[in-house]
Amino acid sequence: MNWNFLKTEIEPGDFLIDCRSQSAYEEETLEGAYYYPFIKKAFGSDPESQKKLYGPMASVIQEFQKSKKTRIIVFDEGMGMFSTRMVYLLRGMGIKDAYVLGQKWPVEGKKAKGELKIEPPIADKAKPIEGVVDKAFMERNLTKLQIFDARTMDEYEGRLPRLTAPEEGTLCGRLPGAFLWDWRNLYDGEANLIERSIFKKRLNGFPFMPERPTVIYDYNGARSCLLALMLREAGYIDVTTYQGSWFEWRKSNLPKQAVAVFGAKQGAAAGAPRVGGVDRKKV
């Protein structure tokens, strides 16, 4: 694996964070690993929501600094969306030595029952996180941005509001002008991240330029972080994620495409899908 945000080995001085399910963590994890449930939640980008994200992230960093350990290693079932989200946010808050473990669970190492579940407090005041933008930014710059949608085709075309546990009556759709790059296509057939050379080749299938501002969104801000990490290593200069993502945008009065109500009889007016990142014969 030739991605710099991955580390394939765990060292004695590593601060470990487990981003698998809470039940899996409590049953067995790497000895000394922490668990932070907030990383799986959806956050808006309004000031109160920003406090709910910034406070816990600041607590993670505080615990890391208190531990005197040298770097942070985050793992889940296998280089997935929540471990990459944690690493992306840590780096955005200045922790450059934060990495995703490039292994699939179960990984080698001494195991124990997970007992370091932390519910950090909400911040009194939120500060901006580098690489994360809010709804106001998206509204101001919508027509100037290169936008990736990291969800699935069903979500992108307005057939599903979210990938898991969709609720009837929920609005489906996408942000105007967004191009789909299904985050599942960032993995190969064995659920490993694709090589950087393959990623760059697929990236050429989009009419995007590395120097232009690029924003990625999904449903709750998790899946987009993996694509953001990969784009940065592929030479994209100005890459950010939209914190509120479709979770927030669908509730606004801002423009949308492929709009439909999940569970209603009428179909979505999807229009021509804007797709890249895969062999077009497979789309």
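Cut-offs applied
Residues numbered from 1 in each chain as written. Predicted model: local features only at pLDDT ≥ 70, side-chain atom pairs only at ≥ 80, totals over all residues. Heavy atoms only, no water. Core = buried A, V, L, I, M, F, W, Y, C linked by side-chain atoms within 4.5 Å. Buried < 20%, exposed > 50% of the residue type's maximum accessible area, 1.4 Å probe, protein only. Helix = DSSP H or I, 4+ residues; strand = E, 2+ residues; numbered from the N terminus. Domains from an automatic or database assignment. Contact = heavy atoms within 4.5 Å. Pairing = 2+ DSSP bridges. Axes fitted to C-alpha atoms, helices over the stretch in contact; angles between N-to-C directions. pLDDT = per-residue confidence, 0-100. Parallel < 35°, antiparallel > 145°, perpendicular 65-115°, else oblique. Nonpolar A, V, L, I, M, F, W, Y, C, P; charged D, E, K, R; others polar.

Focus on the nonpolar core
Residues Met86, Leu90 and Phe199 are the most contacted members of the largest nonpolar core, which totals 57 residues. Of all elements in the fold, only β2 (14–18), α2 (47–67), β5 (71–75), α3 (81–92), β6 (98–101), α6 (196–203) and α7 (223–233) reach the threshold of two or more residues within this core. A per-element tally of this core places α7 first, with seven residues. Here this core spans two domains, and each of domain 1 (6–112) and domain 2 (132–262) adds at least three residues to it. With residues up to four places along the chain from it excluded, the contact list for leucine 90 reads Met57, Val60, Ile61, Ile72, Val74, Ile95 and Ala98.

What to know about the sheet that holds strand β4 (residues 34–35)
As summarised here, the arrangement of the five strands in space is β1-β6-β5-β2-β4, forming an open sheet in which the pairing is parallel. The sheet is open, and its two borders are formed by β1 (6–7) and β4, each paired with just one other strand. The strands touched by α3 are β2, β5 and β6; relative to β6, the strand with the most contacts, the crossing angle is about 170°.

Let's talk about unusual backbone geometry
In this structure, the amide linkage connecting tryptophan 105 to the following residue, proline 106, adopts the cis form with an omega of 5°. With respect to the secondary-structure elements, proline 106 resides in the loop between β6 and β7 (111–112). Even without being a glycine, alanine 191 presents a positive backbone phi close to 65°. Mapped onto the elements, alanine 191 comes out in the loop between β11 (179–180) and α6. By relative accessible area, alanine 191 is classed as partly exposed at 40%. Unlike most non-glycine residues, serine 245 shows phi in positive territory, near 50°. Mapped onto the secondary structure, serine 245 falls in helix α8 (residues 245–249). On the basis of relative accessibility, which here comes to 0%, the residue serine 245 falls in the buried class.

A closer look at the confidence of the model for the protein
Looking at the protein as a whole, its pLDDT mean stands at 94, while 93% of the residues score no less than 70. The low-confidence segment residues 279–283, where pLDDT is below 50, has five contacts with residues more than four positions distant or belonging to other chains.

Considerations on the packing of α2 against α3
Where α2 meets α3, the closest approach of the two axes is 11 Å, and the angle between their N-to-C directions is 85°. Classified by the angle between their axes, α2 and α3 sit roughly perpendicular to one another. Contacts between α2 and α3 involve Leu53, Met57, Val60 and Ile61 on the former and, on the latter, Met86, Leu89 and Leu90. Classifying every residue of the contact of α2 with α3 gives seven nonpolar, no polar and no charged.

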